[in-house]
Amino acid sequence: MLSMISNKMTRKLPIRAQLFFLALGVLLTGRSHAQDDVAIRAMKDELSRSISQIQLQKMEKPYFLAYRMDDMNRTTVAATLGSVTEEQPARVRLIGVEIRVGDYALDNSNYMSLRNFGGGMFSSIRQAPLDDNYQQIRRDFWLATDAQYKKALEDLSAKRAALEARKQTDNTPDFSKETPNTESESPEKTQASLQQLKALARAISAVFRSTPDIYSSSVDIEYLNSYTRYANSEGSTFTRAQPVFKLQINAQTQTPDGVPIADSIQLFGHTMADLPAQDVLISRTRAMADRMLKLRSASSLDRYNGPVLFEGDAAPEVFAQQFATGLMAVRTPLSDDPRFELFFNQMMSQLGGTSFVDKIGGRVLPDFLSVSDNPLEASYKGVTLLGASRVDDDAVKTREIRLVEHGVLKTLLATRVPVRTVPHSTGSRHGWGPTPSNLFVVSEKSSTSDDLRKELLRRVKDRGLDYGIVVRHVGGGSAASFMKMASRMARQGAQGGTSLAEVYKLYPDGHEELVQGVEIAELTPAAFKDIVAVGDTPVVFTDEFIPRVGALFSLGISATSDVPVVSCVVPSLLFEEMSLVKSQGPFPNPPISPSPLAKQ
Amino acid sequence: MTPGIFELQKEVSVNYLRQFCVFALLLFTALGLSAQQVPSDPVLTAMQQELTRSFQNLKKAPMPPYFLSYQLTDNHAIEISSSFGALTGSNDHITRFLDLDLRVGDYALDNTHPLRDADPYGDMGDQMDRPQIPLENDPDALRVALWQATEHKYRNALQRLQKVKANVQVKVEAEDRSGDFSHESPDTYSEPEAPFAFDTAAWEQKLRKCTAPFAQHKEIIENSAEVIAEVETRRYLNSDGSQIRISSPFFRIIISATAKADDGMELPLHQTYMSFRPDGLPDDATLNQDVNRMIATLLQLVKAPLAEPYTGPAILSGRASAVFFHEIFGHRIEGQRQKNEDEAQTFKKKINQSVLPDFLSVYSDPTLKALGGTELVGYYPFDDEGVKARRVTVVDKGILKNFLMSRAPIEGFDHSNGHGRRQQGYKVVARQSNLVVESAKQVSRAELKKQLIEQIKAANKPYGLFFDDIEGGFTFTQRVLPNAFNVRPTVVYRVFPDGREELVRGVDLIGTPLIAFSKILAADDQVTVFNGVCGAESGWVPVSAASPGLLVSQIEVQRKEKSQERAPILPPPPAVREN
């Protein structure tokens, strides 16, 4: 639709074309309503009727209302050993309603009652018709608004009662005031060709046909082309396209003793064009398979305490999994039972690590390191950054946020849900809570990779150790570890931790030995203060990033975006001290029959 | 396939080659082919190779399995849905699912033996790690997936057998000492892969049109129509030597709408159509007519008076009686319930005793594709354990004769009668198929109503009830709960002694089985079919029940569950943008 003049287009076009479109843009803004499609018009019309008219008897009217609509066009393909195991195109349209009664200081959010747990919390999103049918879209928002308004009234009244029963010391408002904002973007045109994706999945997965000692493997491809429309009662609106293409190659096997060996390659882009060519992917897969076969006969180690170098991908991986989770502001909801709040904090730290909410102004990293979150960068040295966007899920304009400066924590990433130390949104709402967008770790001093290794070996010698440790791939991933944690909780007595996928002993003479069955004993964000040197070539690592579970209680589930994807740009990291241990079993027995593919 | 073929198969002796040839000849004569043999199936070949190899290799293990079976279910489904005239979903999905049964121990005691007082979710872990089965027919990829699943299942089976042995030692002696698995002869059977064609775009339009009328009425708060077109091919192999391939398309339309009365009560109505043939679905004119009828009924229901809790005489229409029988009777004749000591075992000791009035007989027949012109969803030629389906006489002139059996024996019944069924991912258990209730004496519906009025007057009641349509029901069969049933009617009338009928709303039919049966007085001549899905221990399976209308001397109704939510505050939004 030509009426959508997107900033994306003007950046790439030559001057003459830009002027033409600019002229066209001027022509069209005269009739600004022409830019809104049927769906957005239906949303805005129902929103303005609701906010002005909805009121139950003499009770309070809402002071804020936001409508969201996500069109998710998802194509999923999976294959193993050259054969497709899954092919599913799916289209769904989800809508969400966020309604607030009371006022910015005190409203129905940030409150947890047993009624909210489970179904209650998820009732604010529902499926809507795929057709751009004006009446039907309005009907769905009408019914959703009605249900959420009634729930909001009940919640606010219960919350007020809970507050009367105790002394409240924290007067942080429930909702921050932000400047209204408007953005628009046209939908992403690139479709996924099912045939193309299947062909790619088959070609890559066929690599494992020649490695029967790798017991199971799969290639998973997903292309999610989602388009979001948003409007709220403060006057903000946006439309936004978020295409995400994901390719994952997984392989698992066991040593003859049953120790699990697992590795994966995970790549993200906006479309398939952002990924390396097929033959590059195949050779990377082969290299991974070869390494896993070597690991089956590699040695292990019992315990290691000493310096550890995270090189290449491993550095942003470990940073994303273990440090970045602390950079989000999370608010403890009020509850009718005060004991719940205690339990909540415990549960939150178990499920997502500690938050740095009380460490603002404190030292979290060595003084030569700084961290910033920048949603305005689209790429780094030719590699696409997936966290880029102009506007967050609350329609707040995004900007670069300096999180850590010279090792000192300055602020946290926040949504419009204020916390004690962060009163305003940083434009970081993605999905149900705050997440980073593109995280950059920047250092005042850096070393070449050779020098880093020399430094590692110097410290190894000082400590009187036989070797140092170099990690090149951590494995697992934040989404995967969340699922693993959840399934661990569901099945007691599960098998051990996740072994590091690619780790080496580095000897003083420079030679390396692969090590299997080793995991990091305990890694908290505090350990990152022990970084003593960093590399000079930051690497981009992109992964899914689940927002902190606590945000669900802050009316989080009114946004319907898929799991947010975050890019981290981090140089190699040399930690002065870290503990590694042998992975403990019990491990499942290796298979009794050899693979059908094994040569007799 | 004509009934003649099934009859023929019953008479042919259990001689694999002759059976196979006779069948193949008939099949190819029917298709007009002159092929020498059944075309090869690479999937079946790969399954057979891997089953044989795995079974042989596992013989080297300290506790080898004595039985192994693979069932692959290929399903291609197109689902289209709409609501109030707009398309809400359109998906085309292909899946291939593996169900694997592996037994260690022996026929008398094996790893599938139920654990008494065990954690009811203990077996769920099994369902969590399932490898993805290749959708394509590359034999190597298929074999690797089957190999992984077999190894995994074997490890779990060993663990469970240990638990079983301990459990048996620790608990009191079981009442029923029959074994865990029956001996059955292997069987072979093959249907060609059914063709599948469905015009998605045309059906999207049809569904939009079909639900548009519901949008005209503000009392109707929810509406959906769904068409599901699928073709399913099942391949089953086991270590006894059975090899079965079944393939069939299946088409369904489900239209639902809910109206809300002023007091908040939600009043649902449903209309379903199903067929095994692509041309068996209704045309636009029929759909339109039925939709208008639904709307008219809903609008009447919204204004209808609330019914009160009541006991007294009633007529259940054929559909209502069918659900009634499915819930109060059908579930209590499933074989394994007679052995499970947590179950009430209502009919366990009643073989050859009177359980129903002597004018009623009941049979379960999965080989029936249709009854009186209505197709039956509970049809299947072979069950999920590869046992041939057959008609089972459950009640003969009021006397209980048989239970529905899978390969899990029970006291007095050593063999399967082809009723072992499961939804993909679950363990097989004896389930219903097509339940048919027949009455030796029948009267017209008008005569039945006359008899109802006589009953009303004799019992000195102000009115009787007539249950015309139901949406479903549920029942409890365990000892720990009262063995009640609840059948949810959607269209109910009061019948007054002067013959006048008045639509009412707000009640569910309840009762307990033995008493309910003893009150059946008469049946009419209007046999109707209820096609649905039944959920129980082995998941959801399609079933049907057919019954004539029944006169019951005493039925009980209780208040229906009612939503406490108010009607929406604002009126519905306008259809077009105001300026």
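Structure first, text after, so check above.
Residues numbered from 1 in each chain as written. Chains lettered and ligands numbered in written order. Predicted model: local features only at pLDDT ≥ 70, side-chain atom pairs only at ≥ 80, totals over all residues. Heavy atoms only, no water.

### Focus: the overall build of chain B
Of the regular secondary structure elements, chain B holds 10 helices and 23 strands. Counting the 579 residues in chain B, one finds 54% classified as buried. Put simply, of all contacts in chain B between residues at least 6 apart along the chain, 76% involve residues at least 24 apart. Summed over all atoms, the accessible surface of chain B reaches about 25400 Å², with 52% contributed by carbon and sulfur. (Helix = DSSP H or I, 4+ residues; strand = E, 2+ residues; numbered from the N terminus. Buried < 20%, exposed > 50% of the residue type's maximum accessible area, 1.4 Å probe, protein only. Contact = heavy atoms within 4.5 Å. Areas by Shrake-Rupley, 256 points an atom, 1.4 Å probe, with all protein chains shown as cover.)

### Considerations on the sheet that holds strand β11 (residues 392-396) of chain B
Residue and element names in this part refer to chain B. Read from one edge to the other, the open sheet built from 6 strands follows the order β12-β11-β8-β15-β22-β21, with strand pairing classed as mixed. The open sheet is flanked by β12 (399-400) and β21 (528-536), the only strands paired with a single partner. Here strand β15 (residues 434-439) pairs with strand β22 (residues 539-547) via 3 bridges, running parallel. Note that in β22 the partner of asparagine 434 across the bridge is serine 544. (Pairing = 2+ DSSP bridges.)

### Examining unusual backbone geometry
Positive phi, close to 50°, is recorded for histidine 406 of chain A, a residue that is not glycine. Position of histidine 406 of chain A among the secondary structure elements: in the loop between β14 (401-405) and β15 (408-409). Here histidine 406 of chain A falls in the partly exposed class, since its relative accessible area comes to 46%. A positive phi is found at lysine 397 of chain B, a non-glycine position, where the angle reads about 50°. As for its placement among the helices and strands, lysine 397 of chain B is situated in the loop between β11 and β12.

### Some remarks on the pairing of strand β5 (residues 243-260) of chain B
Residue and element names in this part refer to chain B. Most of β5 sits inside the fold, with 14 of its 18 residues counted as buried. Strand direction decides the pairing type here: strand β4 (residues 220-238) and β5, joined by 17 bridges, are antiparallel. Residue pairing for β5: alanine 229 is matched across the bridge by phenylalanine 251. Where β4 folds back onto β5 in an antiparallel hairpin, the turn is made up of 4 residues, including glycine 241, whose phi is positive at roughly 115°.

### Things to note about the pattern of salt bridges
Residue and element names in this part refer to chain A. Summed over all chains, the structure comprises 72 salt bridges over all chains. Residue arginine 160 pairs with glutamate 60 through a salt bridge whose shortest N-O separation is 2.9 Å. Here arginine 160, found in helix α5 (residues 134-164), pairs with glutamate 60, found in the loop between α3 (38-53) and β1 (62-80); they are 100 residues apart in sequence, far enough to count as distant. On the accessibility criterion, arginine 160 (34% relative accessible area) is partly exposed. Bridged by salt links that share partners, the residues Asp263, Arg291, Glu311, Arg453, Arg472, Glu502 and Glu512 form one connected network. (Salt bridge = Lys/Arg side-chain N within 4 Å of Asp/Glu carboxyl O.)

### Quick notes on the side chain of serine 247 of chain B
All names here are of chain B. Along the chain, the position of serine 247 falls in strand β5. Judged by relative accessible area, which is 8%, serine 247 ranks as buried. Reaching out from serine 247, the side chain makes a polar contact with the backbone nitrogen of alanine 194 at a distance of 2.8 Å. (Polar contact = N/O pair within 3.5 Å; in protein donor to acceptor, adjacent residues only side chain to side chain.)

### Focus: the environment of lysine 454 of chain A
Among the secondary structure elements, lysine 454 of chain A is positioned in helix α10 (residues 449-463). Once the C-alpha coordinates of lysine 454 of chain A and isoleucine 401 of chain A are considered, the two residues, 53 residues apart in sequence, prove to be 35 Å apart.

### Regarding empty space enclosed by the protein
Residue and element names in this part refer to chain A. Inspection of the entire model under this criterion finds 8 cavities of 30 Å³ or more. Lining the second largest cavity we find 21 residues, and of these Thr415, Val417, Pro434, Ala551 and Ser554 sit closest to its centre. Secondary-structure elements contributing two or more residues to the lining of the second largest cavity are β2 (83-101) and β17 (433-434). (1 Å grid on protein atoms, 1.4 Å probe; cavity = no way out; pocket = protein on both sides within 12 Å on 5 of 7 lines; lining within 4 Å. Points joined across faces, edges and corners; volume = space filled by probe spheres on them.)

### Notes on the pairing of strand β21 (residues 512-515) of chain A
Residue and element names in this part refer to chain A. By the bridge criterion, 4 bridges tie strand β20 (residues 502-506) to β21 in an arrangement that is antiparallel. Counted as the bridge partner of tyrosine 504 is leucine 514 from β21. Here β20 hands over to β21 after 5 residues, with glycine 510 in that stretch at a positive phi of 95°.

### Focus: helix α9 (residues 445-459) of chain B
All names here are of chain B. With 15 residues, α9 extends 21 Å from end C-alpha to end C-alpha; this agrees with the ideal 21 Å at 1.5 Å per step. Turning to α9, its buried residues are Leu448, Leu452, Ile453 and Ile456. One face of α9 carries all of its buried residues, which in axial projection span an arc of 145°. Of the exposed residues in α9, the ones pointing more than 90 degrees away from its buried face are Lys450, Lys457 and Ala458. Backbone geometry just after α9 places asparagine 460 at a positive phi near 65°. (Expected span 1.5 Å × (residues − 1). Arc of directions from axis to C-beta.)

### A look at the environment of proline 568 of chain B
With respect to the element layout, proline 568 of chain B can be found in the segment after β23 (550-559). By relative accessible area, which is 23% here, proline 568 of chain B ends up partly exposed. Proline 568 of chain B sits 250 residues away from glycine 318 of chain B along the chain, and the two C-alpha atoms are 37 Å apart. For proline 568 of chain B, the contacting residues outside a window of four places in its chain are Trp142, Leu143, Asp146 and Lys150 of chain A.

### Looking at the interface of chain A and chain B
Residue-level contacts link 54 residues of chain A with 53 residues of chain B. Across the chain A/chain B interface, buried area totals approximately 4600 Å², and carbon plus sulfur atoms make up 54% of it. Remark: the boundary between chain A and chain B carries 4 salt bridges. The closest approach of N and O atoms between aspartate 138 of chain B and arginine 209 of chain A, which form a salt bridge, is 2.9 Å. For the pair chain A and chain B, the interface holds 23 residue pairs in polar contact (both at pLDDT 80 or more). Of all the elements in the fold, those that place two or more residues in the side of chain A that touches chain B are α3, β2 and α5 of chain A. Here the element with the most residues in the side of chain A that touches chain B is α5 of chain A; it accounts for 10 residues. Here the residues of the side of chain A that touches chain B sort into 21 nonpolar, 18 polar and 15 charged. (Buried area = accessible area lost by both parts, 1.4 Å probe. Nonpolar A, V, L, I, M, F, W, Y, C, P; charged D, E, K, R; others polar.)

### Thoughts on the nonpolar core
All names here are of chain A. In this structure, Phe310, Phe319, Leu327, Val371, Ile469, Val471 and Phe528 are the most contacted members of the largest nonpolar core, which totals 57 residues. Considering every element that reaches this core, the biggest residue donor is helix α8 (residues 314-322), with 5 residues. Excluding its chain neighbours within four sequence positions, the residues that come into contact with leucine 327 are Phe356, Val371, Leu403, Leu409, Leu412, Leu413 and Leu439. (Core = buried A, V, L, I, M, F, W, Y, C linked by side-chain atoms within 4.5 Å.)

### A look at the sheet that holds strand β25 (residues 565-570) of chain A
Within a sheet, each strand pairs with its neighbour through backbone hydrogen bonds, oriented either parallel or antiparallel. Residues and elements named next belong to chain A. The strand order across the open sheet built from 6 strands is β15-β14-β11-β18-β25-β24, with neighbouring strands paired in mixed fashion. Edge positions in the open sheet fall to β15 and β24 (539-544), since each of these has one partner strand only. One ladder, built from 3 bridges, connects strand β18 (residues 438-443) with β25; its direction is parallel. Residue pairing in the sheet places phenylalanine 440 in a bridge with valine 569 of β25. Strand contacts of α8: β11 (369-373), β18, β24 and β25, with the helix running at about 125° to β25, the strand carrying the most contacts. (Axes fitted to C-alpha atoms, helices over the stretch in contact; angles between N-to-C directions.)

### Examining the packing of α3 of chain A against α5 of chain A
Residue and element names in this part refer to chain A. Two numbers describe how α3 lies on α5: the axes approach to 9 Å, and their chain directions differ by 40°. Taken together, α3 and α5 sit at an angle that is classed as oblique. In this structure, α3 crosses over α5, and the sense of that crossing is right-handed. In this structure, α3 contributes Val38, Ala39, Arg41, Ala42, Met43, Asp45, Glu46, Arg49 and Ser50 to the contact, and α5 contributes Tyr134, Ile137, Arg138, Phe141, Trp142 and Thr145. Considering only residue class, the contact of α3 with α5 consists of 8 nonpolar, 2 polar and 5 charged. (Parallel < 35°, antiparallel > 145°, perpendicular 65-115°, else oblique. Left-handed = near helix turned anticlockwise from the far one by under 90°.)

### Observations concerning the packing of helix α6 (residues 194-205) of chain A against helix α7 (residues 278-296) of chain A
All names here are of chain A. At their nearest, the axes of α6 and α7 sit 9 Å apart, and the two run at 30° to each other. By the angle class used here, α6 and α7 are roughly parallel. Once α6 is placed against α7, the crossing between them reads as right-handed. Contacts from Leu200, Ala203 and Ile204 of α6 reach α7 at Gln278, Leu281, Ile282 and Thr285. Taken together, the residues of the contact of α6 with α7 sort by class into 5 nonpolar, 2 polar and no charged.

These results come straight from atomic positions and should not be treated as a statement about function.
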